[in-house]
Amino acid sequence: MKRKLFISGSWVGAEHYAPLSSPYNKKVIAEIPIASEADVEKAIEAAHNAFLKMAKMPKHERGHILEKLVMLLDKRKEEAAEIIAKEAAKPIKTALEEVQRTIQTYKFSAEEAKRIHGEALSLDAAPGGENRTAYTVREPIGVIGAITPFNFPMNLVAHKVGPAIASGNTIVLKPASQTPLSAFFIAELLQEAGLPDGALNVVTGSGSIVGKKIVEDERVKMITFTGSPQVGKEIRNKAGLKRVTLELGSNSALIVDEGIDVKSIIPRCVKGAFSNQGQVCISLQRIYVHEHVYDEFVNAFVKESEKLTTGDPLDFQTDVSALISEHDVIRVISWIEEAKKTGAIVATGGNAKGNIVEPTVLLNTKPDMKVSCQEIFGPVVLIEKVSSIEQAVEYVNDSRYGLQAGIYTKNIHHALYAAEELKVGGVMINDIPTFRVDHMPYGGVKESGMGREGIKYAIEEMTELKLVVINRQV
């Protein structure tokens, strides 16, 4: 099936196409257009021209479009999940969870479209401010350039498209090269929902052409990007005075304190480590367990991990399927081998079959091993022993990333200590760092990025604050 670019409400062919293959079985799924710079120019121009209409659209109309999208997506959620499973090799039951979250994200967007407001200011709190009325309003900023990754190809698009529409902006969307079908699907539904032509444009192709043009074009007023720190830094350097929201890498960690009922948390921890093959920004990669419960935790975690089923992403029995590319399989296995050579112990897993890497648990790792200090983005977790909460927090913070972290503890003092001392964007107490619901503020510090997602907070990023002052004595 040959797909087309979506520009100004029309499906537009491209001069060149590339085959899109399943990460699981290598079968060709579709032919994807490779946009030229001229195609991207048309998309940006369409978004620029549509902006005034979107900005002037009443909030209730924006909300209605998003509400209709929710209805349409809910009716076709099985189809949507199958698209994700095929293009990303995400196990179908996990893909269905993503679709449900996507529906929720657009619901929140529809609701927040009606809540965009400023505040009244008491100017007479300062001498010279008497007899003046002041208030602020939030206004849309213009064309939003959205660049999204492969791991949540529908919901991370929603986290950029939803708040952009809710706040009256227009969008040029570049989805990941491996997962464009989810973006095309949402474009179809939004068109059916009544979104004005040009408000959303979907262009596929290389980052060196499509991404570069979006980032550097002066008509694009904001870039919202989810991806690697390296690309994020390049975007930040090239964006000039544009606003930039960056959700970048992580190697999220969990602390398990003494006194915890280990058996009660193991299933949750295993899911956090291996869901979507570990290809989650807040995937549980490092676990620091108090020495009093360490052996029990390791034994239970390994046993639970070995229950996971690997295989076809379209099979509802599958828990772990293929990584997104053969290159990533080679990289993950090489990191495991490097760790083994320098003393790490493989408690389970460590091998690959085709593009599927077995759920892998590593022990006796060192902080300078790649599996510890870099983002593995694969089904690999390390478990290490600590003697105190202070030591555990020190290990968690010994990272150039800082997205989210978790701690299981029954000690309120340890919980509050961790909340204060962990250098991350979000601390999950008595939960794994992989926890996320779609209206909470989400983002990191250090090399994990800048800015916040979560619909209300994304809308704040996508709007300008304007002050109005009325002198009542004239």
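For the structure, see preceding data.
The structure presented is a predicted model; accordingly, all values stated were derived computationally and were not measured. (Residues numbered from 1 in each chain as written. Predicted model: local features only at pLDDT ≥ 70, side-chain atom pairs only at ≥ 80, totals over all residues. Heavy atoms only, no water.)

K.L.:
Please provide a residue-by-residue account of the pairing of strand β3 (residues 16-21), values included.
P.N.:
Across six bridges, the pairing between β3 and strand β4 (residues 28-34) is antiparallel. Bridge pairing in β4 places L20 opposite A30. Linking β3 to β4, which pair antiparallel, is a turn of six residues; within it K26 sits at a positive phi near 70 degrees. (Pairing = 2+ DSSP bridges. Helix = DSSP H or I, 4+ residues; strand = E, 2+ residues; numbered from the N terminus.)

K.L.:
Summarise the sheet that holds strand β5 (residues 120-121); cite the residues concerned and give the values.
P.N.:
What links the strands of a sheet is backbone hydrogen bonding, and the strands pair in either a parallel or an antiparallel sense. If you trace the three strands from one edge of the open sheet to the other, you get β5-β6-β24, paired in antiparallel fashion. At either margin of the open sheet sits one strand with a lone partner, and together these are β5 and β24 (463-471). Where strand β6 (residues 132-140) meets β24, nine bridges bridge the pair, whose relative direction is antiparallel. Pairing of V137 across the sheet is with K466, part of β24.

K.L.:
Talk me through the layout of surface pockets; I want residue IDs and the actual numbers.
P.N.:
Of the voids in this model, the largest pocket is the one considered here, and its volume is about 970 Å³. Along the walls of the largest pocket sit 40 residues, with F225, T226, G227, S228 and V231 positioned nearest its centre. When contributions to the lining of the largest pocket are tallied by element, the ones reaching two or more residues are α7 (207-216), β10 (220-226), α8 (229-238) and α11 (326-341). Among the elements that line the lining of the largest pocket, the one with the most residues is α8, at six residues. By residue class, the composition of the lining of the largest pocket is 16 nonpolar, 15 polar and nine charged. Taken together, 27 residues line the second largest pocket, and the ones lying closest to its centre are E97, R101, F152, T434 and R436. Among the elements that take part in the lining of the second largest pocket, helix α4 (residues 92-112) stands out by supplying six residues, more than any other. (1 Å grid on protein atoms, 1.4 Å probe; cavity = no way out; pocket = protein on both sides within 12 Å on 5 of 7 lines; lining within 4 Å. Points joined across faces, edges and corners; volume = space filled by probe spheres on them. Nonpolar A, V, L, I, M, F, W, Y, C, P; charged D, E, K, R; others polar.)

K.L.:
Report on helix α3 (residues 77-88), specifying residues and quantitative values.
P.N.:
Taking 1.5 Å as the rise per residue, α3 with 12 residues should run 16 Å; its terminal C-alpha atoms sit 16 Å apart, in good agreement. Among the residues of α3, A80, A81, I83, I84, A85, E87 and A88 are the ones counted as buried. Here the buried face of α3 lies against β3, β4, α2 (59-75), α4 and α6 (181-193). Positive phi appears at A89, one or two residues downstream of α3, with a value of about 60 degrees. (Expected span 1.5 Å × (residues − 1). Buried < 20%, exposed > 50% of the residue type's maximum accessible area, 1.4 Å probe, protein only. Contact = heavy atoms within 4.5 Å.)

K.L.:
Describe the packing of α2 against α6, with residues and values.
P.N.:
Where α2 meets α6, the closest approach of the two axes is 9 Å, and the angle between their N-to-C directions is 125 degrees. In terms of their interaxial angle, α2 and α6 are classed as oblique. For the crossing formed where α2 meets α6, the hand is right-handed. Contact residues: I65, K68, L69, L72 and L73 in α2; F185, I186, L189, L190, E192 and A193 in α6. Its residues assigned to classes, the contact of α2 with α6 comprises nine nonpolar, no polar and two charged. (Axes fitted to C-alpha atoms, helices over the stretch in contact; angles between N-to-C directions. Parallel < 35°, antiparallel > 145°, perpendicular 65-115°, else oblique. Left-handed = near helix turned anticlockwise from the far one by under 90°.)

K.L.:
So what's going on with the sheet that holds strand β13 (residues 286-290)? Which residues, and what values?
P.N.:
Read across the sheet, seven strands follow the order β14-β17-β18-β13-β12-β20-β21 without closing on themselves; strand pairing throughout is mixed. Each edge of the open sheet carries a strand with a single partner, namely β14 (345-348) and β21 (426-429). Pairs of neighbouring strands in the sheet enclose a mean axial angle of 25 degrees, with direction left out of account. Note: strand β12 (residues 253-256) against β13, four bridges, orientation parallel.

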